[in-house]
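# Fold and geometry: a report
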Amino acid sequence: MASGKQQQADHYESTPGHGGVMSGNGSPGLWGALIGLIVFAFVAVPITTAVSFATHPASQQLFGGRLEEASLAGYTTFWWLVAALLLAIPFLVGFGVAKLSGKTLGIITAILAVFFIAILIFGQLYLV
């Protein structure tokens with residue numbers, strides 16, 4: 001027979017939502033947010049670089065060759081698409097970690113594949 005304090009401690013430990021991310025019973029949403037923040041730290045510099053290329057059309061001369069001859073609208077749109085893709089990655093990774101199911105990971109992979117293919121096609125049509 002367990003005492004009242006022991007039963008209360010057992011109930012507290014088994015109740016979901018108690019404890020932080022680093023505890024043994026942290027919520028998946030907090031883990032997703034933490035991993036998303038870490039991924040954002042890794043892609044922060046490429047995001048700012050893509051936005052700077054999109055907002056400063058004079059940077060087109062930095063690439064030389066065929067990119068220098070591309071249309072200004074195509075050049076800026078391409079870099080805005082790249083910035084949007086890079087900005088979406090931390091959210092998608094955080095959501096995938098929070099859900100951690102095969103269906104969710106498949107949907108995230110499909111979204112990333114569509115973004116990647118769209119950037120490749122757009123790059124071939126307007127930049128080359």
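Worth saying up front: this structure is predicted, and the values here are computed from it rather than measured. (Residues numbered from 1 in each chain as written. Predicted model: local features only at pLDDT ≥ 70, side-chain atom pairs only at ≥ 80, totals over all residues. Heavy atoms only, no water.)

## Re the overall build of the protein chain
- Per the secondary structure count, the protein chain includes six helices and zero strands.
- Going residue by residue from the N terminus, the α and β elements of the protein chain occur as α-α-α-α-α-α.
- Within the protein chain, the proportion of its 128 residues that are buried is 26%.
- In the protein chain, once contacts between residues fewer than 6 apart in sequence are set aside, the share between residues at least 24 apart is 57%. (Helix = DSSP H or I, 4+ residues; strand = E, 2+ residues; numbered from the N terminus. Buried < 20%, exposed > 50% of the residue type's maximum accessible area, 1.4 Å probe, protein only. Contact = heavy atoms within 4.5 Å.)

## Notes on the confidence of the model for the protein chain
- For the protein chain, the average pLDDT comes to 77, and 74% of its residues sit at 70 or higher.
- When pLDDT is averaged over each helix and strand of the protein chain, the minimum, 54, is found for helix 1 (residues 4-14) and the maximum, 88, for helix 2 (residues 28-55). (pLDDT = per-residue confidence, 0-100.)

## Here we look at the nonpolar core
- By size, the foremost hydrophobic cluster in this structure holds 14 residues, and its most contacted members are Ala 50, Phe 78, Trp 79, Val 82 and Ile 119.
- Secondary structure elements with two or more residues in this core: helix 2, helix 5 (72-99) and helix 6 (102-127).
- When residues of this core are assigned to their parent elements, the largest contribution, seven residues, is made by helix 5. (Core = buried A, V, L, I, M, F, W, Y, C linked by side-chain atoms within 4.5 Å.)

## Comments concerning the packing of aromatic side chains
- By the definition in use, this model includes three aromatic pairs.
- Note on Phe 78 and Trp 79: the rings are 5.3 Å apart at their centroids and 75° apart in plane angle, and the pair reads as edge-to-face. Grouping residues by exposure puts Phe 78 and Trp 79 together as buried.
- These aromatic residues form a ring-pair network of at least three members: Phe 53, Tyr 75, Phe 78 and Trp 79. (Phe/Tyr/Trp six-rings, centres within 6.5 Å; stacked < 30°, edge-to-face > 60°.)

## Overview of helix 5
- Look at helix 5: 41 Å from first C-alpha to last across 28 residues, which is about the 40 Å you get at 1.5 Å a residue.
- Considering bend angle alone, the principal kink of helix 5 is centred on Ile 89 and spans about 25°; proline Pro 90 follows within four residues of it.
- Two residues or fewer past helix 5, Leu 100 is found with a positive phi of approximately 45°. (Expected span 1.5 Å × (residues − 1). Bend = angle between axes of the 7 residues up to and from the residue.)

## Details of helix 2
- Of all the bends in helix 2, the largest measures some 50° and sits at Val 43, one to four residues before the proline Pro 46.
- Every buried residue of helix 2 is accounted for by Gly 32, Gly 36, Val 39, Val 43, Ile 47, Ala 50, Phe 53 and Ala 54.
- Of the surrounding elements, those touching the buried residues of helix 2 are helix 3 (60-63) and helix 5.

## With respect to the environment of Thr 76
- Its location among the elements puts Thr 76 in helix 5.
- For the pair Thr 76 and Gln 60, spaced 16 residues apart in sequence, the C-alpha to C-alpha distance is 9.0 Å.

## Quick notes on the packing of helix 2 against helix 5
- Where helix 2 contacts helix 5, the two axes come as close as 6 Å, and the packing angle between them is 170°. As judged from the angle between their axes, helix 2 and helix 5 are roughly antiparallel.
- Among the residues forming the contact of helix 2 with helix 5, the class breakdown is 24 nonpolar, six polar and no charged. (Axes fitted to C-alpha atoms, helices over the stretch in contact; angles between N-to-C directions. Parallel < 35°, antiparallel > 145°, perpendicular 65-115°, else oblique. Nonpolar A, V, L, I, M, F, W, Y, C, P; charged D, E, K, R; others polar.)

## Things to note about a nonpolar patch on the surface
- A surface patch of nonpolar side chains, about 520 Å² in accessible area, is lined by Phe 116, Ile 117, Leu 120, Ile 121 and Leu 125.
- You can see Leu 120 is positioned in helix 6. (Patch = residues over 30% accessible without salt bridge, like charges linked within 9 Å, V, L, I, M, F, W, Y side chains within 5 Å. Areas by Shrake-Rupley, 256 points an atom, 1.4 Å probe, with all protein chains shown as cover. Salt bridge = Lys/Arg side-chain N within 4 Å of Asp/Glu carboxyl O.)

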